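Listed here are the chains, written in short residue letters.
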Amino acid sequence: MQGLCRVIWLSGVGLLVVALSAGAASPPEQQKQSAMSKKNEEQLLSVPQQIPKLVAEGALTLAQVPNPHWRRDACQACHAGTPTRTNLKLRDADINRLCSTCHAALSDHSYIHPTGMPVPKEMKTRLSKPFAQAVARARGTISCITCHDVPMTCLPQRVGARGLNPRFFREGPYRDRTALCYRCHDPEQYPRLNPHDQLDKTGQLRESTCLVCHDTPPDMTGERKVDFTVKQDLSRLCTGCHPWKPHPGGFSFKTGALPDHLRVPTARVLDRMRVMERRNNISLPLDPGTGKVFCGTCHNVHARGVLKTAAAAKGAGEKQRLRMPEMCGNCHDK
Ligand code: HEC
Ligand code: HEC
Ligand code: HEC
Ligand code: HEC
Ligand code: HEC
Ligand code: HEC
Ligand code: HEC
Ligand code: HEC
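Okay, so let's go over this structure.

Here is what the cut-offs are and how they apply
Residues numbered from 1 in each chain as written. Chains lettered and ligands numbered in written order. Predicted model: local features only at pLDDT ≥ 70, side-chain atom pairs only at ≥ 80, totals over all residues. Heavy atoms only, no water. Donors = N, O, S within 2.8 Å, 3.2 Å for Na, K, Ca; no water. Tetrahedral: all angles 85-135°; square planar, octahedral: opposite > 155°, others 65-115°. Helix = DSSP H or I, 4+ residues; strand = E, 2+ residues; numbered from the N terminus. Buried < 20%, exposed > 50% of the residue type's maximum accessible area, 1.4 Å probe, protein only. Salt bridge = Lys/Arg side-chain N within 4 Å of Asp/Glu carboxyl O. Near = heavy atom within 4 Å. Polar contact = N/O pair within 3.5 Å; in protein donor to acceptor, adjacent residues only side chain to side chain.

As a further point, take the coordination of the iron atom of ligand 8. Within the protein, the atoms that donate to the iron atom of ligand 8 are His261 (NE2) and His332 (NE2), at distances of 2.0 Å. For the iron atom of ligand 8, the 6 donor atoms in the first shell make angles of 88 to 179 degrees at the metal, a pattern classed as octahedral. Pair noted here: His261 is in the loop between α13 (236-239) and α14 (267-279) and His332 is in the segment after α16 (310-313), with a separation of 71 residues, a long-range link. The exposure class assigned to His261 is partly exposed, which follows from its relative accessible area of 26%.

Another point: unusual backbone geometry. Cis geometry marks the peptide bond from Gly172 to Pro173, where omega comes out at 0 degrees. Turning to its location among the elements, Pro173 is positioned in the loop between α10 (151-154) and α11 (177-181). The phi dihedral of Glu171 is positive, around 55 degrees, even though this residue is not glycine. With respect to the secondary-structure elements, Glu171 resides in the loop between α10 and α11.

A complete count under the given rule lists 12 salt bridges for this structure. Between Arg206 and Asp197 there is a salt bridge, and its shortest N-O distance comes to 3.3 Å. Exposure remark for Arg206: the relative accessible area of 30% places this residue in the partly exposed category. By relative accessible area, Asp197 is classed as partly exposed at 25%. For Asp333, the salt bridge is made with Arg268, and the minimal N-O distance between the two is 3.0 Å. Of the two residues, Asp333 is situated in the segment after α16 and Arg268 in helix α14; the sequence distance between them amounts to 65 residues. A relative accessible area of 56% means that Arg268 is categorised as exposed. One continuous salt-bridge network, built from bridges that share partners, spans Glu41, Arg71 and Asp73.

With that settled, the discussion passes to the site of ligand 2. Lining the immediate surroundings of ligand 2 are 16 residues, of which His69, Cys99, Cys102, His103 and Arg167 lie closest. At 2.7 Å from a nitrogen atom of ligand 2 is found a side-chain nitrogen or oxygen belonging to His103. Between an oxygen atom of ligand 2 and a side-chain N or O atom of Arg167, the distance comes to 3.1 Å. Top contributing element to the shell around ligand 2 by residue count: helix α6 (residues 95-106), with 5 residues.

Note that every value here comes from positions in space, so none of it alone points to a role or purpose.
Take a look at the structure:
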């Protein structure tokens, strides 16, 4: 397989590549794709720098952006030649830019974590050797490879890690996300990682915490229209920090033995929700993008005192941040 990769690198986007790949055994999901789209994918992986433009022009949908991870035939998406110990031949020496070729369009990562900033001295002393080395490779700054251990997906002897660590976290897997956070952040400064801590000692809004979830600082005086740092599937605002599988309340959020609650409610449930919103003077917001129940439907993530409307404020700062201690009856009538 290493050989196959090399042939592709040396020959670029030639007929040889297409012929080779057609001869290789393809997994079932790829067999479904037409020969044409397979060829397109291969071409794209050899010229990934064209992806942002194609996406911007609408010539390529996000679903068509090829995934180069955990496979043996897409090394050329990141390496412009066979990597050696002394020269990795990365397409872009700036790792963040390399990854952003595709990820700038695919997903906005800033709601999970910023990149590009230097690591403060006192944090450096807390880092394990692998984290420290990864920071050093990006000239002392935080980059995508600080947390994501990319060679795990590149090297045949390491791909076995995929099942347990699909997002290839460095020194992972982690049982919950905060365990990763504490590889660098001081647990003593825990509150700084807590976006629910939204008011300072004098009761003023901490605008920087709003920006963990809202794209623009919410205008608390006029009409309260808010936007979000996550565009699709609002639950992703939360799942970056909260382990949720299985959800602590016993709600399953994936198809399985328990009902999946992150769904578009049936008419019956929706009627019940609207009735109970009035009866309990409570807000039960659905994900505006998808109409689905999401984490914020049951949990109020704001600190007490941030939201002024009584219904929207209910549950703020309460136990488990639940909008009401007894939630089920707000949506189910039996
Ligand atoms: C998504 C981009 C990407 C893809 C695809 C990719 N690599 Fe890499 N590879 C990297 C980056 C980035 C590094 C440097 C990581 C670091 O310094 O921590 C790297 C490092 C390596 C290294 C050095 C590993 C080490 O432990 O020092 C080898 C060897 C390598 N890649 C081979 C491959 C091969 C072979 C493939 C295809 C099967 C491949 N890569 C696919 C991005 C990629
Ligand atoms: C050629 C395009 C491309 C490049 C370059 C690329 N990725 Fe990806 N990556 C994808 C696609 C497509 C997916 C799957 C869709 C998604 O998660 O949005 C993905 C998924 C991921 C995932 C999630 C994996 C999962 O299964 O949940 C991580 C983490 C990731 N990429 C990190 C990186 C890092 C770090 C780099 C830079 C070394 C990088 N990617 C470079 C296209 C790319
Ligand atoms: C400080 C650690 C950290 C850094 C730095 C980091 N990530 Fe992540 N990344 C995470 C965590 C934690 C998650 C899991 C979030 C979740 O579970 O939804 C994640 C998830 C992802 C995912 C899958 C979820 C999604 O949004 O589609 C992709 C893709 C990804 N990262 C790419 C990148 C890229 C590209 C960079 C560099 C620009 C980067 N990461 C830098 C910690 C990090
Ligand atoms: C590899 C080290 C590293 C890891 C892992 C890491 N961070 Fe960070 N984080 C930093 C650095 C460096 C900064 C910028 C300097 C600072 O604020 O101390 C930062 C800044 C932040 C900030 C902004 C703080 C502020 O005052 O503006 C937040 C919020 C944050 N990290 C949360 C997290 C969360 C949540 C995780 C786990 C998913 C995490 N970090 C994992 C290194 C890391
Ligand atoms: C952890 C993520 C998160 C943080 C941090 C956050 N919000 Fe929100 N915000 C949401 C979600 C989710 C909604 C939609 C559900 C709701 O109305 O509670 C929302 C809705 C709102 C609304 C509209 C509520 C209504 O119906 O009246 C306002 C106003 C608002 N946020 C202001 C703020 C301000 C101000 C801050 C900072 C002090 C902030 N938010 C911090 C996630 C967040
Ligand atoms: C940057 C990380 C981060 C993000 C993003 C985040 N949280 Fe939190 N959350 C925390 C921390 C840290 C705590 C613990 C401190 C506390 O309870 O105030 C917490 C506490 C909670 C609790 C209370 C848990 C308990 O045991 O009482 C709930 C519920 C919750 N968050 C829901 C959400 C929801 C819903 C979202 C998304 C709209 C969200 N969080 C986004 C970090 C985060
Ligand atoms: C249908 C309502 C509902 C939805 C949707 C929901 N939760 Fe909860 N959540 C609850 C209830 C009820 C509890 C209390 C469960 C218990 O104590 O048994 C809870 C508890 C929690 C806790 C506290 C756990 C603890 O240790 O005390 C966290 C954190 C949390 N949920 C996060 C989330 C996240 C993240 C999402 C979205 C992925 C989400 N919830 C979606 C109802 C919901
Ligand atoms: C925010 C609204 C909401 C809350 C709160 C809620 N559910 Fe649900 N529940 C739903 C939705 C939506 C479905 C998906 C099926 C539907 O729409 O009828 C569902 C489905 C179910 C199902 C599967 C049965 C069916 O009709 O498909 C069970 C069982 C269930 N919920 C139990 C509970 C329990 C127990 C609680 C409280 C701990 C609870 N739910 C809280 C919205 C909610």
